[in-house]
There are 2 protein chains.
Amino acid sequence: MRKTFLFMDTVLNKVDAKGRVSLPSDYRAIVKESASEIVCYRSLTAPCIEGCLEDLLDKLATDMEDSLDFFSQTQDDLTNLIFGDAKRYPFDSTGRIMLSEKLLKHAGITDSAVFVGKGRKFQIWNPQNWEKEEQRIRSEVFKNRPSLKGGAHES
Amino acid sequence: MRKTFLFMDTVLNKVDAKGRVSLPSDYRAIVKESASEIVCYRSLTAPCIEGCLEDLLDKLATDMEDSLDFFSQTQDDLTNLIFGDAKRYPFDSTGRIMLSEKLLKHAGITDSAVFVGKGRKFQIWNPQNWEKEEQRIRSEVFKNRPSLKGGAHES
DNA sequence: TTGATTCCCATATTTTCCCATGTTATACCA
DNA sequence: TGGTATAACATGGGAAAATATGGGAATCAA
């Protein structure tokens, strides 16, 4: 088993007429360690698609069992939203996945898509929207510099 | 297993037409202990490239998962910024990495680059820029002597 | 049958790998 | 100590492999 499973980098790929996109090869290399498919769902907080290994959702399920009441309304809502929306997307021999209409619409993706690494997961954006979002984040982060231990991001 | 993993020294290397640079052999020796690739990203605070072992970012990912909520906006922003920018750079049999256009542009590097050790990380600078930066740092540190416990660094 | 999905092949481009060469550093020997 | 042999390293260029992407045939479902 691999030590690290970090989705990284930002990659722009085309979406063809059939709705197919190449999963960046770095991502594929990670996924292949344990599966031949990724799980995608509409982001709850942004106009983009979110993707991860099934393991992560499994961890989320466990965390929720531990932290929330079994009959909690919040847990009900969240699990409905995420697990109701999530779906496995296998990739073919050339490494492409076929995103559903629902996902593409939510992210406003038509003929090209940007994959953005997020560590244990990644996001898929409409290129223009991602450009704006990145600027927003950069200005946000510089305004209220959040402090983090480890500091790998700081110079 | 090796006792120390510190990136040290300052090394000037050429960047060829393909964007390839030799990783200083001392650095390679450190990396080879656990991997055959380094992770690089644009420094958030200076016009240079930063590099480290993937372990460091993995630790950061774990720290964030532990300290911040799964649905936290801050966590979202930070992971996008950090992991969206970072990327693995494997080195070939002769010890070279191929820096992306994005990184070279951010650091203003064209035909040569300076590797500067930073302990667990290192930086890659445009030679002229580094010269200025080093002077700035030296005068800065001399002006307001920072205090550090331990004192092993003082003479 | 229509539309969609999967599988397969073709191809351009990018990236990786490998070999060759000059240069520097280190080891060795007289 | 000086000089030479040897090894390690940096660097250049070309060949080989991997990747992204387009299109078509086969398969499946409504």
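See the structure above.
I will try to describe carefully the structure that is included in this document.

About the thresholds
Residues numbered from 1 in each chain as written. Chains lettered and ligands numbered in written order. Predicted model: local features only at pLDDT ≥ 70, side-chain atom pairs only at ≥ 80, totals over all residues. Heavy atoms only, no water. Pairing = 2+ DSSP bridges. Helix = DSSP H or I, 4+ residues; strand = E, 2+ residues; numbered from the N terminus. Axes fitted to C-alpha atoms, helices over the stretch in contact; angles between N-to-C directions. Near = heavy atom within 4 Å. Polar contact = N/O pair within 3.5 Å; in protein donor to acceptor, adjacent residues only side chain to side chain. Nonpolar A, V, L, I, M, F, W, Y, C, P; charged D, E, K, R; others polar. Parallel < 35°, antiparallel > 145°, perpendicular 65-115°, else oblique. Left-handed = near helix turned anticlockwise from the far one by under 90°. Contact = heavy atoms within 4.5 Å.

By way of backbone hydrogen bonds, the strands of a sheet pair with one another, either parallel or antiparallel. Residue and element names in this part refer to chain B. If you trace the six strands from one edge of the open sheet to the other, you get β1-β7-β8-β4-β3-β5, paired in antiparallel fashion. Strands at the two margins of the open sheet, each flanked by one partner only, are β1 (10-14) and β5 (87-90). Averaged over all pairs of adjacent strands, the angle between strand axes in this sheet comes to 30°, irrespective of strand direction.

Neighbouring DNA strand C are the residues A:K18, A:R20, A:T94, A:R96, A:M98, B:K18, B:R20, B:T94, B:R96 and B:M98. When the atoms of DNA strand C within 4 Å of the protein are sorted by group, sugar and phosphate make up 33%. Between A:K18 and DNA strand C, the recorded distance is 3.3 Å, taken from a side-chain N or O atom to a base oxygen. Separating a base nitrogen of DNA strand C from a side-chain N or O atom of B:R20 is a distance of 3.3 Å. Sorting the residues of the surface near DNA strand C by element identifies β6 (96-98) of chain A together with β6 (96-98) of chain B as the ones contributing at least two each. Partitioned by chemical class, the residues of the surface near DNA strand C number two nonpolar, two polar and six charged.

As a further point, take the packing of helix α5 (residues 127-143) of chain A against helix α3 (residues 73-85) of chain B. Where α5(A) contacts α3(B), the axes come no closer than 10 Å and their chain directions differ by 110°. Regarding the angle of α5(A) to α3(B), the classification is roughly perpendicular. Here α5(A) runs over α3(B); the crossing is left-handed. Note on element contacts: α3(B) touches α5(A) through B:Q73, B:D77, B:L78, B:N80, B:L81 and B:D85, opposite A:W130, A:R136, A:I137, A:R138, A:E140 and A:V141. When grouped by side-chain class, the residues that make up the contact of α5(A) with α3(B) number five nonpolar, two polar and five charged.

In this section: the protein's contact with DNA strand D. The full set close to DNA strand D counts 24 residues, and A:K18, A:R28, B:K18, B:R20 and B:R96 are the nearest of them. In this structure, a phosphate oxygen belonging to DNA strand D sits 3.1 Å away from a main-chain N or O atom of B:K14. B:R96 has a polar side-chain atom sitting 2.8 Å from a base oxygen of DNA strand D. Taken together, the residues of the surface near DNA strand D break down into four nonpolar, eight polar and twelve charged.

Here we take up the sheet that holds strand β8 (residues 121-125) of chain A. With respect to topology, six strands assemble into an open sheet ordered β1-β7-β8-β4-β3-β5 (chain A), the strand pairing being antiparallel. Strands with a single pairing partner mark the edges of an open sheet, and in this sheet they are β1 (10-14) and β5 (87-90) of chain A. Strand-to-strand twist in this sheet, taken as the mean axis angle between neighbours without regard to direction, amounts to 30°. Of the strand pairs in this sheet, β1(A) and strand β7 (residues 112-117) of chain A are connected by five bridges, and their pairing is antiparallel. Paired with A:N13 across the strands is A:A113, a residue of β7(A). Helix-sheet contacts for α5(A) involve β1, β7 and β8 of chain A, and the interaxial angle to β7(A) is about 35°. Sheet strands in contact with α3(B) are β1, β7 and β8 of chain A, and its direction is about 100° off that of β7(A).

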